[in-house]
Amino acid sequence: MPLNKDTLYKRFQNAERRRTNWRNTYKEALEYFSPQRDTFDHPTPGAKRTNTDRVFDSTGQDALQKAVSTVHSNIFPPQKKWGKLKLGPLLEKEGGDRKQKLEEITDLFFTALHNSNFDIVVSEFLEDWLIGTGSMQMHKGTRTKPFIFEPVPLNEVYLERGVGGTVGGRFRKWKLPAHLIKDTWPDAKFSESMAARIEAAPYDDVCIIEYTVKDKVKSKVITQKGGKSNSKEEVIDGFRYVVQEEKSKEIMVNRETKSHPWITVRYAVSAGEVHGRGPVLSAHADNKTLNKTKELILKNGALAISGMWTVVDDGIINLENIVMEPGAKIPVASNPGNPNGPSISRLPSAADFNVAQIILEDLKKAIKSILFVDPLGEIDAPVKSATEIAMRAQGIAKMLGSAYGRMQGEGAEQIMLRGLYILEEL
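It should be emphasised that the depicted structure is a prediction, and the values quoted were computed from it without experimental measurement.

(A) Representation of the pairing of strand E1 (residues 133-140) in the model. In terms of burial, E1 is largely enclosed, as six of its eight residues are buried. Where E1 and strand E8 (residues 262-266) come together, five bridges link them in antiparallel fashion. Bridge pairing in E8 places Ser-135 opposite Thr-264. In the sheet, E1 pairs with strand E2 (residues 147-151) via five bridges, with the strands oriented antiparallel. Residue pairing for E2: Lys-140 is matched across the bridge by Phe-147. If you look at the hairpin formed by E1 and E2, you'll find six residues sitting between the two strands.

What follows is the structure, encoded as structure tokens:
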């Protein structure tokens, strides 16, 4: 179908505008729960991302990592078959060797999957999923390694709302060194000016926009009649995949395909929204309160150790220069005492802050509960009966039911369908 690059770019700009509010939501969650993966402000590679001026407690970060491990082992257990191709109820009645063939195809798919980098990168995908929206791309590889998975960070993903609350167009805006463009897309074509630019500065970053949208595509359809195979070209529902350089708007890749590389899963979706909301966003308020409480405890501890001091000064006190912090020295006309008081005296600090320890424990329990950490209690807790363990496991399964259902429909099924398409092409 004809390509209109201006229309495509307008669609991307619309998705970019709609994601503006989500930027702050996701960024703040990453700052507190996964600062090492916060790339919204495009930090320098290798720079510190600990946010020590805002994050004073690691409970949120630890809870998220444990939640990722729990979900990974339950949904996509490493080096195991977590899915199976089966005949539908109508075909199952016909019998034959179709069941055996599906089992062989299932084995072939998981052999290719276990030989890929899926088990390595899926944790990054699941971390973004627990925040709200997990995205990765599943590319076609070689015959020896058919699948190549690439997790796409939250800051690079722009989604377009589709029919019935589904995801429509998917857009990605990111940067990569110029010399990697041809390696990333072997079918990329460059204008003379773009080729000269790459040759002159091969290690400079180029801003790339990827478009994946639904479109009508041409496909060969093979039919059997009278023992003979006939092929004809038909127009079917498919996808258009386009790669554009943002500055010049030059189209470098333009593909028509029946399958697209995106695996995009939302944890939960509110009405009218396309991006997802995960349990991390639910635990965010408790985590911020926990951090603030820990910050106040540390400041109180610093005051208890260093204190604040008043120092006798015969001049006039400037209130603008008084700083209330540990170790501060505040000039005063005189200190209490006889006859004139000491020249330096400690300033009494606030009351004991030990009550904060109770608040800390409550907040930590709330965060862990929301992220399904230690559902059976701490390891040193009293031994529980088999019935109690079973009941707690059922409770966790009920809470995760809707999220797991969405992961099955938008995640596991799409991975298998995309994988079968790639295997068929190879």
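Still more to cover.
(B) Representation of the packing of helix H1 (residues 5-18) against helix H2 (residues 20-33). At a closest axis distance of 4 Å, the pairing of H1 and H2 adopts a crossing angle of 50°. If you check the angle between H1 and H2, you find them oblique. In this structure, H1 uses Glu-16, Arg-17 and Arg-18 to contact H2, whose residues at the interface are Thr-20, Asn-21 and Trp-22. In terms of residue class, the contact of H1 with H2 is made up of one nonpolar, two polar and three charged.

(C) Structural context of the pairing of E8. Most of E8 sits out of view: five of its five residues are buried. Side chains Trp-262, Thr-264 and Arg-266 of E8 all project onto a buried face; the interleaved residues Ile-263 and Val-265 project onto the opposite face, where all are buried too.

(D) Examining helix H9 (residues 279-306) more closely. Taking 1.5 Å as the rise per residue, H9 with 28 residues should run 40 Å; its terminal C-alpha atoms sit 40 Å apart, in good agreement. Among the residues making up H9, those that are buried are Pro-279, Val-280, Leu-281, Ala-283, His-284, Asn-287, Leu-290, Asn-291, Thr-293, Glu-295, Ile-297 and Leu-303.

(E) Seen up close, the packing of aromatic side chains. For the structure on display, the rule yields 17 aromatic pairs. Arranged with centres 6.5 Å apart and planes meeting at 80°, the rings of Phe-12 and Tyr-211 form a pair that is edge-to-face. Here Phe-12 is found in helix H1, whereas its partner Tyr-211 is found in strand E5 (residues 205-225), with 199 residues between them in sequence. Summarising the burial analysis for this pair, Phe-12 and Tyr-211 share the class buried. Taking the centre distance of 4.9 Å and the plane angle of 50° together, the rings of Trp-129 and Tyr-267 count as tilted. With Trp-129 in helix H6 (residues 118-131) and Tyr-267 in the loop between E8 and H9, this pair connects stretches of sequence that are 138 residues apart. Like Trp-129, the residue Tyr-267 is buried in the burial classification. Members of the aromatic cluster, connected to one another through ring pairs, are Phe-76, Trp-82, Phe-109, Phe-110, Phe-118, Phe-147 and Phe-149.

(F) Broad picture of the sheet that holds E1. Strand order in the open sheet formed by three strands is E2-E1-E8, and the pairing between neighbours is antiparallel. The sheet is open, and its two borders are formed by E2 and E8, each paired with just one other strand. Strand-to-strand twist of the sheet, defined as the mean angle between neighbouring strand axes without regard to direction, takes the value 25°. Running at roughly 150° to E1, H6 makes contact with E1, E2 and E8 of the sheet.

(G) Seen up close, the pattern of salt bridges. Applying the stated criterion across every chain yields a total of 26 salt bridges. The salt bridge involving Asp-41 is made with Arg-23; its shortest N-O contact spans 2.6 Å. Taken together, the residues Asp-41 in the loop between H2 and helix H3 (59-75) and Arg-23 in helix H2 connect sequence positions 18 residues apart. In this structure, the salt-bridge partner of Glu-410 is Arg-406, at a minimum N-O distance of 3.1 Å. With Glu-410 and Arg-406 both in helix H11 (residues 386-425) and four residues apart, the pair spans about one turn of that helix. By relative accessible area, which is 18% here, Glu-410 ends up buried. Here the salt bridges share partners, and the residues they tie into one network are Arg-23, Lys-27, Glu-31, Asp-38 and Asp-41.

(H) Structural context of H2. With 14 residues, H2 ought to run about 20 Å at 1.5 Å a step, and its terminal C-alpha atoms sit 21 Å apart, in line with that. Buried within H2 we find Trp-22, Tyr-26, Lys-27, Ala-29, Leu-30, Glu-31, Tyr-32 and Phe-33.

(I) Region of the structure containing empty space enclosed by the protein. Using the criterion set out here, one finds one cavity of 30 Å³ or more in the structure. By volume, the largest cavity is sized at about 30 Å³.

(J) Representation of the side chain of Ser-135 in the model. Its location among the elements puts Ser-135 in strand E1. By relative accessible area, Ser-135 is classed as buried at 2%.

(K) Focus on the packing of H3 against H6. Direction vectors running N to C along H3 and H6 enclose 120°, while the axes themselves pass 9 Å from each other. Here H6 runs oblique to H3, going by the angle between their axes. With respect to the hand of their crossing, H3 and H6 are arranged in right-handed fashion. Only Asp-119, Val-122, Ser-123, Leu-126, Glu-127, Trp-129 and Leu-130 of H6 make contact with H3, whose side of the interface consists of Leu-64, Gln-65, Ala-67, Val-68, Val-71, His-72 and Ile-75. Looking at the contact of H3 with H6 residue by residue, the classes come out as nine nonpolar, three polar and two charged.

(L) Quick peek at the nonpolar core. Ranked by internal contacts, the top residues of the largest apolar core, which has 54 residues, are Phe-76, Trp-82, Trp-129 and Ile-415. Here the element with the most residues in this core is H6; it accounts for eight residues. With 14 residues, the next largest nonpolar core counts Ile-181, Met-194, Ile-198 and Tyr-241 among its residues.

Rules and cut-offs
- Residues numbered from 1 in each chain as written.
- Predicted model: local features only at pLDDT ≥ 70, side-chain atom pairs only at ≥ 80, totals over all residues.
- Heavy atoms only, no water.
- Buried < 20%, exposed > 50% of the residue type's maximum accessible area, 1.4 Å probe, protein only.
- Helix = DSSP H or I, 4+ residues; strand = E, 2+ residues; numbered from the N terminus.
- Pairing = 2+ DSSP bridges.
- Axes fitted to C-alpha atoms, helices over the stretch in contact; angles between N-to-C directions.
- Parallel < 35°, antiparallel > 145°, perpendicular 65-115°, else oblique.
- Contact = heavy atoms within 4.5 Å.
- Nonpolar A, V, L, I, M, F, W, Y, C, P; charged D, E, K, R; others polar.
- Expected span 1.5 Å × (residues − 1).
- Phe/Tyr/Trp six-rings, centres within 6.5 Å; stacked < 30°, edge-to-face > 60°.
- Salt bridge = Lys/Arg side-chain N within 4 Å of Asp/Glu carboxyl O.
- 1 Å grid on protein atoms, 1.4 Å probe; cavity = no way out; pocket = protein on both sides within 12 Å on 5 of 7 lines; lining within 4 Å.
- Points joined across faces, edges and corners; volume = space filled by probe spheres on them.
- Left-handed = near helix turned anticlockwise from the far one by under 90°.
- Core = buried A, V, L, I, M, F, W, Y, C linked by side-chain atoms within 4.5 Å.

Geometric values such as these leave the question of function open.
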